[in-house]
Each structure stands twice: as structure tokens, then as C-alpha cells.
Amino acid sequence: MTYAITQTCCNDATCVAVCPVNCIHPTPEERAFGSTEMLHIDPRACIDCGACADACPVDAIFPVDALSVAQREYADINAAYYEGGESAPGTTEGPNFHAWGEPVFGRSLPSDFGPLRVAVVGTGPAGMYAAQDLLLHTAAEVTLIDRLPVAGGLVRYGVAPDHPATKKVGDTFSRFHSHPRVRMHLGIEVGRDVTAEELAAHHDAVIYAVGASTDRRLGIPGEDGPGCLSATSFVAWYNAHPEAVAQGVDLSAERVVVVGNGNVALDVARILVADPEALAGTDIAAHALEALRASRVREVVVLGRRGPEDAAYTRSELLALKHLQGVELVVDDHDPRTGAAIDAAGAGDRAGLLRGLARVRTGAAAPTTPAGVARRIVLRFHSEPVEILGDGDVRTVRVTDGGGGAADLAAGMLLRAIGYRGLPVPGLPFDEASGTVPHEGGRVAGLPGGYVVGWIKRGPSGGIGANRTCAAETVGTLLADAVAGTLPAPTGDAKAFRRLARRRNRRVVDARGLAAIDRAERDRGRRDGRPRVKLATVEELVATARAGRLLRLSR
């Protein structure tokens, strides 16, 4: 028996580090690591020890004979990665079937290296991987800062609620929230409550992990009208982001058009057509669950500018759509190039995964579904929107038809999911073209002691696990600067910063307040048979944190 990696693979390579026979690839040292959709276990070399499954932070690894019906194809996906040659590049004959490289010691510091005081701005995966690296490999004291009064970032507010295994990586990060060398200041925004200069004055170094919080625009007529939303705001709405409008999404239309064909586009399409009762067992926002129960959406059309062979979504996310109960996944064959690409594709190619799906035509007429199918998702390739028409609300989305003309799709809402974009951080340089902070190995250009990690560093690419390698580079650069003595000396200490933060914002949440929020949400979830029911406003979060703190002090 062997193990297989499944859909929720986060690519952070924790499994690679613990595998005793080097049978998981690509590794962080291999070129394909940065671009692979997921990691793969070689069935010829796996010794069934289970170390990878124990270490996986998102429960993505299972014995092949324990895979569910929906997961069985992942055994073939893992095996196919190694077909047609040796188990991995550079392999040699031997009992393990793999070659081992020279040992690497990524954190080698002088014996007299003193503790640093480092601020990490942002508590999503990028920031927490950086904090974890510092706490595990150095004696650093870490100040965690977030503009929201709760930690989690992308894990809490970006991962779809029906992907609970992916959210488990948050458990790995949360153990550092109460670490003895961590001080937490949630609800503090750089540029509003404190300046970048003030932050730097109280720390040896500052790592900015602020992500990419806005979205790219389509640039077409009608985009700013009612019913045209960004996937960013829609995801925030169903994940109970405190800055999202609780009653801001109208689901009264029968057809929704989603522009983009990456994983976020598939996420929002899936949530729109999923069985609300299945979502009731997740941590989806209460207001979103109520709206989805009353939803009239029957069809979601996903527009892809390019063909199925160039789709940006991962194979695993597409495969998940094929197993949605009561949902039909079909392909719009308005353009002959779509069918030709699917028919010519190999079994492991993206386009090949669409073979066997029904082919339909969508247009100005209301959506129709066959008997026994409640809802459906239509993948329409070689098509992009050119105009949004309607008298106030969206009524029609005019799209290219692949032949140089245009076609009209009747729709009541349009969601753009064509990519995220970073915003400037006051006090830091910013590249408007890329939406990132200029840097060299994570070191902010022209700002000694300033560093970046995650999407604000490299742009909105790569999933949760990609931040681990990204953070390792940034922390390595920071430590090299510390050893070289080029970090500016702080003029204030941790207590002075705490006083400054609380003077500027009386609603700061610390680790005890965060723990109170977590307890309250889990208690609410237990009452409703859910993992948690999220507090959805800043006021609720702050009040719960304060009440929990006062309760602990009174005991």
C-alpha cells in the first residue's frame, strides 16, 4: 500500500521534510516546486510509514486504499507524475530509488547572536510562516500586528468554507499566538494608528505581510453598476469578513456570470450552486447561509479568455466540481476550438479532464437544466465580457463569441475574478504596475530594516504553502543583514510600543482577547452543529475580546 496526496495539498513541503525515503516531489530544491499545482508521492518508493500524513497541516494525505470515491483519482494523479522515467530527476539505483542531496542548514547563526525584536505586519499565512521561522530558529521576540481585531488573514477570510481541511493550517499558526516570545496587537493599522517610522523605531526589523487586498478591474462599460461585484468582496461576504456588507449580495437572478478561470472563480461558482444544507456544516457566514438558502441562482457561467488547455485553475479544483451533488458541470461549445482542444488532449492534461462532459450553448434565453439536476456550472472558454447592460441592475452581459463577434448572456449578476492586487503601504515604496513593494530578496528597497513577504512581495501568485518558501527567503535576508550589522538600532522598546499602540487605539486585541473570540465562535458553533459561527463585525469581535479578558481578570 502507498499514500497519495489529494486536493487540499497546500504545497508547503512539510511532508517532504519528514519523508524518510525522499519519495515526495517536487521538493523545494527542484525547479518545478515553484510552479507545481500539488506535490506527489511516488508509489514505487513509498514505504507506507505514514510520516507525511502525520505532518501534513491540511490533512491532504491518505492511504490509497482509504480514499473516498471522489478522491480515488488522486492515486492515479500521484502515480502519473512519475510515469515515463525514473522516480525523480537525478535518481540512482538503490533501495530508496532516490538520490539524496547534500544536507542543507538554512539557519546558521553566530554563537553570540543576540535576540532581535521583529514586528510582523499581517497574520495570514505569509506573516505566520515568517514568525514561525523566526521563533523556531532564532531567539527573536515577535510583535504580531494586524489591522483587523482577529488573526488569520487569508486562512480565515479567503479559504472557501467547504474546504475545512485547508483551514487546518490555521491550527499550526495559532499555536504561535500565545508563544512566550510573541506580543500581539490586533486592530492596529499601519498608516492609520501608527506610522511605518514609529513601527521601525521600536523594532530591529519590520516584516510586512499585508497581502493583496483589492482586485483587478475589467475596464468595460457598466462595471460600476449594481450587480457587478468583485470576487474579493463576494468571498469576504460569505466568509464573514468584518469589512464586508452583511446584506450586500442579491441572489435573486437565475444566472450569474463569473469572469476568470482561476481557483477563485471556481470557488465562487461552487459556493453559488452548492447545496446550502451541505454548507450549513461549515463556518460560512450566517448571513451568507441565509441568503444562499433563499437563492434563485440555477446556473453559473464561468468565462475564460483563453482555451481549456490554458485554464488557470488547478486540476484538483476542477475535479471537485465534478463531484458536487445535484450540480451538472458542462462545457459551452460556442467556439469550435474548445471541443477540438478537449478531444485532442491527453488524459492528464487540463483540457483532457473535461472529456465526457456535456456540451451546451448558453445565450440570451433563461437557463434550463435537465431533469434531476438542480443547478449547473457552465465553463465557457475563448470568451470575455465587453459590456454590462441593464437598467440599473445587470440584465445582460455582452461577451465575445470567439469568431470576432459578440453574444448576449442573460444574467442578473457578474463577479469578476481576474486576479488580486496589492495596495500601497504608507511609508513604503510601491510599484503601481505590479502592485507590489520593490525589494531584493525580501529587503525593501531604500528602507533599512524593512522587509516584505507574501503577495505584497511577489504578486498574487501561489497558494498558502508557497508562502513558506517565500518567508524563508525573507527571514534569511533579514538575518544576514543582522549578522552584517546593517539593521538600524531601535530607539524604543516593546513596552513603549505597547503604550503607543493602546494610546492610538483603545480597542487593541491581544492574545487573550483573540482566545476569547475563538472560544465564543466555537461555542456558538457547537450550539448550531457547526465548527464555529464567526463574529461578523468589528464591534462584535472587540466586545467579545474585551468581555473575555475581563472575565479572566475577575477569576
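The preceding data block contains the structure.
Since we're looking at a predicted model, the values are computed, not measured.

What counts as what
Residues numbered from 1 in each chain as written. Predicted model: local features only at pLDDT ≥ 70, side-chain atom pairs only at ≥ 80, totals over all residues. Heavy atoms only, no water. Helix = DSSP H or I, 4+ residues; strand = E, 2+ residues; numbered from the N terminus. Rg over C-alpha atoms; globule rule 2.2 N^0.38 Å. Buried < 20%, exposed > 50% of the residue type's maximum accessible area, 1.4 Å probe, protein only. Contact = heavy atoms within 4.5 Å. Areas by Shrake-Rupley, 256 points an atom, 1.4 Å probe, with all protein chains shown as cover. Lys, Arg positive; Asp, Glu negative; His and termini not counted. Charge placed at Lys NZ, Arg CZ, Asp CG, Glu CD. Expected span 1.5 Å × (residues − 1). Pairing = 2+ DSSP bridges.

S.K.: Run through the overall build of the protein, naming residues and quoting values.
M.R.: Across its full length, the protein carries 19 helices and 23 strands. Relative to its length of 555 residues, the protein is compact, with a C-alpha radius of gyration of 24 Å against a globular reference of 24 Å. C-alpha atoms of the protein, sized along the principal axes, occupy 70 × 65 × 50 Å. Here the protein, with 555 residues, has 52% of them falling under the buried criterion. If you take every contact in the protein between residues at least 6 apart in sequence, the share linking residues at least 24 apart comes to 74%. For the protein, the exposed area adds up to about 24,100 Å²; of that, 51% sits on carbon and sulfur atoms. Of the side chains in the protein, 61 bear a positive and 66 a negative charge, and the two mean positions are spaced by 7 Å.

S.K.: Would you mind going over unusual backbone geometry in detail, with residue names and values included?
M.R.: Residue His-25 is joined to Pro-26 through a cis peptide bond whose omega torsion reads -5 degrees. Within the element layout of this structure, Pro-26 appears in the loop between strand E2 (24–25) and strand E3 (40–41). Phi at Ala-240 is positive, roughly 65 degrees, even though this residue is not glycine. Here Ala-240 lies in the loop between helix H9 (231–238) and strand E11 (255–259). For Ala-240, a relative accessible area of 1% puts it in the buried group.

S.K.: How would you summarise helix H4 (residues 125–137) if you had to cite specific residues and measurements?
M.R.: Here H4 is 13 residues long and its end C-alpha atoms lie 18 Å apart, about the 18 Å a rise of 1.5 Å per residue gives. With eleven of 13 residues buried, H4 is to be regarded as a mostly interior element. Among all positions of H4, only Pro-125, Ala-126, Gly-127, Met-128, Tyr-129, Ala-130, Ala-131, Gln-132, Asp-133, Leu-134 and Leu-135 are buried.

S.K.: Explain the sheet that holds strand E12 (residues 299–303) residue by residue, including any values.
M.R.: Spatially, E10-E19-E11-E12-E15-E13-E14 is the arrangement adopted by the seven strands of the open sheet, whose pairing is parallel. Looking at the sheet topology across the chains shown, the edges are occupied by strand E10 (228–230) and strand E14 (359–360). As judged from the two bridges shared by strand E13 (residues 327–332) and E14, these two strands associate in the parallel manner. Pairing of Asp-332 across the sheet is with Val-360, part of E14.

No statement about biological role is implied by the geometric values presented.
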